[in-house]
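# What the coordinates show
The chain contents come next:
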Amino acid sequence: MAVELGTRDEFAVLTLNRPEALNALSFKIIEDIGRAIDEVAKSKARALIITGAGTKAFCAGADIKELRNRDLSAQKRGAELGQAVFSKLDTLSVASVAVINGYAFGGGLELALASTFRLATKNAKVGLPEIKLGLIPGYGGTQRLPRVVGEARALEMIMTGRTVTAEEAERIGLVNRIVDGDPVEAGMAFAREFTGFSLPVLGFARSAVKRALDVPVPEGLKIEADLSTLAFQTKDAAEGTAAFEEKRRASFVDG
Ligand code: CAA
């Protein structure tokens, strides 16, 4: 199967498995990613790790061969499908970690940008090269990249289509960290830095940050006040603050 969804310990692991085409995204693969995300939403996973099969690529983007034969309405439907599936990932109840283990171009980088966090192996190379094909990004890249790296850097990447190394990606904040070793293990180790905390409270934190990006600061502060009040009402807030006072480790129940 070109999209494999498995479980490793407390994590769901989604692997793009089409290494002969550098894990390029056909429509079918995008639909399968959407179904896999629905499965993760129903599961007990505490985070989702996403990576690509093989040693060369995370994902080389939309399947260019498939793109070529489309009429305009099929192109629009394709963009809307990719956007909808990646938005579902962006708003998934648990955090996602894309481990970019090689090339992440076009739709591949857009998949990583829709993930909560991005890690890169040393050999990773990323970019939005659509301009070289006479295209522009269509799966959220023009919207999410500037929110991550700022307008000028995003426009430079989109308008030149140039390739960014793992070191540069880390320097400009496009990836959180450069990692060594097995990509899934690296993703799990990163996720374990937060998955021991209360899942609903982690959700409130993500929601406060995400929603605030789309509204003026005064509106964002209202969102923060509401969500921090919701967090305050959880059993986990009572436990966390009690554990502090009692000088012991908190034992959260996700409630
Ligand atoms: N679509 C379809 N097939 C692809 C592909 C893609 N995006 N990327 C690579 N492949 C296929 C190649 O055609 C090749 O298959 P064949 O052996 O059958 O010819 C196989 O994967 C291996 O690729 P290369 O021989 O090209 O490998 P390389 O190591 O020489 O180069 C690469 C690697 C630099 C990533 C190069 O493959 C490349 O430039 N790929 C295209 C990257 C790209 O432009 N992505 C953007 C796509 S458009 C998009 O994503 C729009 C959007 O916003 C959603």
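Preceding block: the structure.
To start, this report covers the structure provided alongside it. Worth saying up front: this structure is predicted, and the values here are computed from it rather than measured. (Residues numbered from 1 in each chain as written. Predicted model: local features only at pLDDT ≥ 70, side-chain atom pairs only at ≥ 80, totals over all residues. Heavy atoms only, no water.)

Formed by 47 residues in total, the largest nonpolar core has its most connected members in Leu16, Leu25, Ile33, Phe58, Leu145 and Leu174. In terms of residue count, the dominant contributor to this core is helix α1 (residues 27-42) (six residues). Every residue in contact with Leu16, bar those within four places of it in the chain, is listed here: Ala2, Val3, Asn23, Leu25, Ile29, Ile33, Thr51, Gly52, Ala53, Phe58, Cys59 and Leu111. In this structure, Phe11, Val179, Met188 and Phe190 belong to the second largest nonpolar core, which totals 15 residues. (Core = buried A, V, L, I, M, F, W, Y, C linked by side-chain atoms within 4.5 Å. Buried < 20%, exposed > 50% of the residue type's maximum accessible area, 1.4 Å probe, protein only. Helix = DSSP H or I, 4+ residues; strand = E, 2+ residues; numbered from the N terminus. Contact = heavy atoms within 4.5 Å.)

A few words now on the side chain of Asp63. For Asp63, the location among the structural elements is in the loop between β4 (57-59) and α2 (64-68). Only 2.9 Å separates the side chain of Asp63 from the side chain of Arg18, close enough to count as a polar contact. (Polar contact = N/O pair within 3.5 Å; in protein donor to acceptor, adjacent residues only side chain to side chain.)

Now for the site of the ligand. Neighbouring the ligand are 22 residues, the closest being Lys56, Gly107, Glu110, Glu130 and Gly138. A distance of 2.9 Å separates an oxygen atom of the ligand from a polar atom in the backbone of Ala62. Between the ligand and Ile64, the relevant distance is 3.0 Å, taken from a nitrogen atom to a main-chain nitrogen or oxygen of the residue. Bound to the protein, the ligand loses 65% of the 980 Å² it would expose on its own. Looking at the shell around the ligand, the elements that each hand over two or more residues are α2, β6 (103-105) and α4 (107-114). Partitioned by chemical class, the residues of the shell around the ligand number twelve nonpolar, four polar and six charged. (Near = heavy atom within 4 Å. Areas by Shrake-Rupley, 256 points an atom, 1.4 Å probe, with all protein chains shown as cover. Nonpolar A, V, L, I, M, F, W, Y, C, P; charged D, E, K, R; others polar.)

Pairing is mixed across the open sheet formed by six strands, whose spatial order is β1-β2-β3-β5-β7-β10. Two strands lie at the open edges of the sheet, namely β1 (3-8) and β10 (177-179), each paired on one side alone. Ignoring which end each strand starts from, the neighbouring axes of this sheet average 25 degrees apart. Bridge analysis of strand β5 (residues 96-100) against strand β7 (residues 117-121) gives four bridges, and the strand direction is parallel. By the bridge assignment for β7, Ala98 is matched with Arg118. Together, β1, β2 (11-16) and β3 (47-52) form the strand contacts of α1, whose direction differs from that of β1 by roughly 25 degrees. (Pairing = 2+ DSSP bridges. Axes fitted to C-alpha atoms, helices over the stretch in contact; angles between N-to-C directions.)

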